[in-house]
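# Topology and contacts: notes
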Amino acid sequence: MDLPTLWFALAVTCWVLFFVLEGFDFGVGVLAGVLGRDDHERGAGVTTIGPVWDGNEVWLVAAVGVTFAAFPDWYAALMSGLYLPFVLVLLALAARGVALEFRGKGGTARWRAGCDAVLAASSLAVAALWGAVLGVLATGLALGPDGEVVGSGLGRSLAPLVGGPALLGAALGVAVALVQGAAFLGLRTTGPLRGRARRAALVALVPVAVLVAVVAPLGLVAVAVVAVLVAARREVLAFAAASLAVAGAVVAVLAAHLPVVLPSTLDPAASLTIAGAAASPGALRLITLAAVLVLPGVVAYQAFSYWVFRRRVASERVAT
């Protein structure tokens, strides 16, 4: 395997880890305030992601960094053609981080409810925006012969978001995040929140099934597997199956047109390929050395953090 292909595989892996790990984060962010009947239950829902959400976001930094370093032309086309949704994603992620960090700083239930509302809105927005971006990437951007996105101003970045693929991707992104989030809450909580999370996962699977039937009917098999596992209360397997389905979808989008990494909707000859978008051989060798030194430590740290915070969070009140 040559270095450009190796680095494309690594870039896809980083994006998969981000979407899988942050997918359930976004779902929990929306569902914690909906499924929790009181301040205690909502707090229990948020606590399930409290120790890990910021570590999960590291994979966004890794994915963007790998794409920038190994495939600068691909990165440039994505950032110029989709800068509006990316800016909105960053703003929503910032609001989400503030809500999570400051939820426990106020002493009143009203303060925590406000933070929960911001958390839900920002999580919903991020899931929809990332889904829209994946929908756009499945079909491509308006690349010219020079590899740059055709158009100027706000319209260049807004146009892809109002098309059918983006809207379908946004809806699917939200629905899948809710399934993942509900499966994670069922896996990580006890008491009434656990039961509600199971029911919420089954409800959220309905729009997923409808949307998947439009996009890729074979995906209905994955939906059926997750539904059976949720109904059977096999929480570990249900969450694993939902996560594998997300991983498969991301890989399918990013690798659908190989060796093309970003199709041109104007002229197939203008599409960006792995070889054409890759950095120079010397640059790839240098960042390969950096990856060997850095990535194992990131993976080990994150695995350790999940192990430390593996116990369920009680949503029922304990009598005193």
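An account of the accompanying structure is given in this report.

Calculation criteria
Residues numbered from 1 in each chain as written. Predicted model: local features only at pLDDT ≥ 70, side-chain atom pairs only at ≥ 80, totals over all residues. Heavy atoms only, no water. Salt bridge = Lys/Arg side-chain N within 4 Å of Asp/Glu carboxyl O. Helix = DSSP H or I, 4+ residues; strand = E, 2+ residues; numbered from the N terminus. Buried < 20%, exposed > 50% of the residue type's maximum accessible area, 1.4 Å probe, protein only. Axes fitted to C-alpha atoms, helices over the stretch in contact; angles between N-to-C directions. Parallel < 35°, antiparallel > 145°, perpendicular 65-115°, else oblique. Left-handed = near helix turned anticlockwise from the far one by under 90°. Contact = heavy atoms within 4.5 Å. Nonpolar A, V, L, I, M, F, W, Y, C, P; charged D, E, K, R; others polar. Phe/Tyr/Trp six-rings, centres within 6.5 Å; stacked < 30°, edge-to-face > 60°. Patch = residues over 30% accessible without salt bridge, like charges linked within 9 Å, V, L, I, M, F, W, Y side chains within 5 Å. Areas by Shrake-Rupley, 256 points an atom, 1.4 Å probe, with all protein chains shown as cover. Expected span 1.5 Å × (residues − 1). Bend = angle between axes of the 7 residues up to and from the residue. Polar contact = N/O pair within 3.5 Å; in protein donor to acceptor, adjacent residues only side chain to side chain.

Under the defined criterion, the tally for this structure stands at 10 salt bridges. Across the pair Arg96 and Asp25 runs a salt bridge whose closest N-O atoms are separated by 3.5 Å. Linking Arg96 in helix α5 (residues 83-102) with Asp25 in helix α1 (residues 3-35), this pair joins segments that are 71 residues apart in sequence. When its relative accessible area of 0% is taken as the criterion, Arg96 is described as buried. Ionic pairing is found between Arg312 and Glu235, a salt bridge with its closest N-O pair at 2.7 Å.

Next up on the list: the packing of α1 against helix α3 (residues 53-70). Running from N to C, α1 and α3 point in directions that differ by 155°, and their axes come no closer than 8 Å. It follows from the interaxial angle that α1 and α3 lie roughly antiparallel. In the crossing of α1 with α3, the sense of the turn from one axis to the other is left-handed. Facing Trp7, Ala11, Cys14, Trp15, Leu17, Phe18, Leu21, Glu22, Phe24 and Asp25 of α1, the residues of α3 in contact are Trp53, Asn56, Glu57, Trp59, Leu60, Ala62, Ala63, Val64, Val66, Thr67 and Ala70. Counted by class, the contact of α1 with α3 contains 16 nonpolar, two polar and three charged residues.

Turning our eyes to something else, we now look at the packing of aromatic side chains. Inspection of the entire model under this criterion finds 14 aromatic pairs. Look at Phe71 and Trp74: their rings are 5.8 Å apart centre to centre, the planes differ by 80°, and that puts the pair in the edge-to-face class. Take Phe71: its relative accessible area is 0%, and that puts it in the buried class. Summarising the aromatic geometry, the rings of Phe184 and Phe239 are spaced 5.5 Å apart at their centres and angled 55° between planes, so their arrangement reads as tilted. Of the two residues, Phe184 is situated in helix α8 (residues 164-188) and Phe239 in helix α11 (residues 235-254); the sequence distance between them amounts to 55 residues.

Below, the discussion takes up a nonpolar patch on the surface. Judged by side-chain polarity, Tyr83, Val87, Leu88 and Leu91 come together as a nonpolar surface patch covering roughly 340 Å² of accessible area. Structurally, Tyr83 can be placed in helix α5. Take Tyr83: its relative accessible area is 30%, and that puts it in the partly exposed class.

Take the packing of α8 against helix α9 (residues 192-215) next. Two numbers describe how α8 lies on α9: the axes approach to 8 Å, and their chain directions differ by 155°. With respect to α9, the axis of α8 lies roughly antiparallel. Crossing of α8 over α9 shows left-handed handedness. Judged by residue contacts, Leu168, Ala171, Leu172, Ala175, Val176, Leu178, Val179, Ala182, Ala183, Leu185 and Gly186 of α8 engage Arg194, Ala197, Ala200, Ala201, Ala204, Leu205, Pro207, Val208, Leu211, Val212, Val214 and Val215 from α9. Looking at the contact of α8 with α9 residue by residue, the class counts come to 21 nonpolar, one polar and one charged.

Moving on to α1. Between its first and last C-alpha, α1 extends 47 Å over 33 residues, near the 48 Å set by a 1.5 Å rise per residue. Where α1 bends most, at Gly29, the angle is about 25°. For α1, the buried fraction is high: 24 of the 33 residues fall into the buried class.

Attention now goes to the environment of Thr67. Among the structural elements, Thr67 can be located in helix α3. Taking C-alpha positions, Thr67 is 39 Å from Trp111, a pair spaced 44 residues apart along the chain. With residues up to four places along the chain from it excluded, the contact list for Thr67 reads Ala11, Trp15, Pro72, Trp74 and Tyr75. Within the local environment of Thr67, its side chain forms a polar contact with the side chain of Trp15, the two groups lying 3.2 Å apart. Within the structure, the side chain of Thr67 is placed 2.7 Å from the backbone oxygen of Ala63, a separation counted as a polar contact.

Another aspect to go through is the environment of Val176. As for its position among the elements, Val176 is in helix α8. What makes Val176 partly exposed here is its relative accessible area of 24%. Along the sequence, Val176 and Pro207 sit 31 residues apart, while their C-alpha atoms lie 8.9 Å from each other. Other than its neighbours up to four places away in sequence, Val176 contacts Val208 and Val246.

Before going further, it helps to examine the side chain of Gln180. Tracing the sequence through the fold places Gln180 in helix α8. Gln180 gets classed as buried once you look at its relative accessible area, which sits at 1%. When near neighbours in sequence (up to four residues on either side) are disregarded, Gln180 contacts Phe19, Val20, Gly23, Phe24, Phe239, Ala242, Ser243 and Val246.

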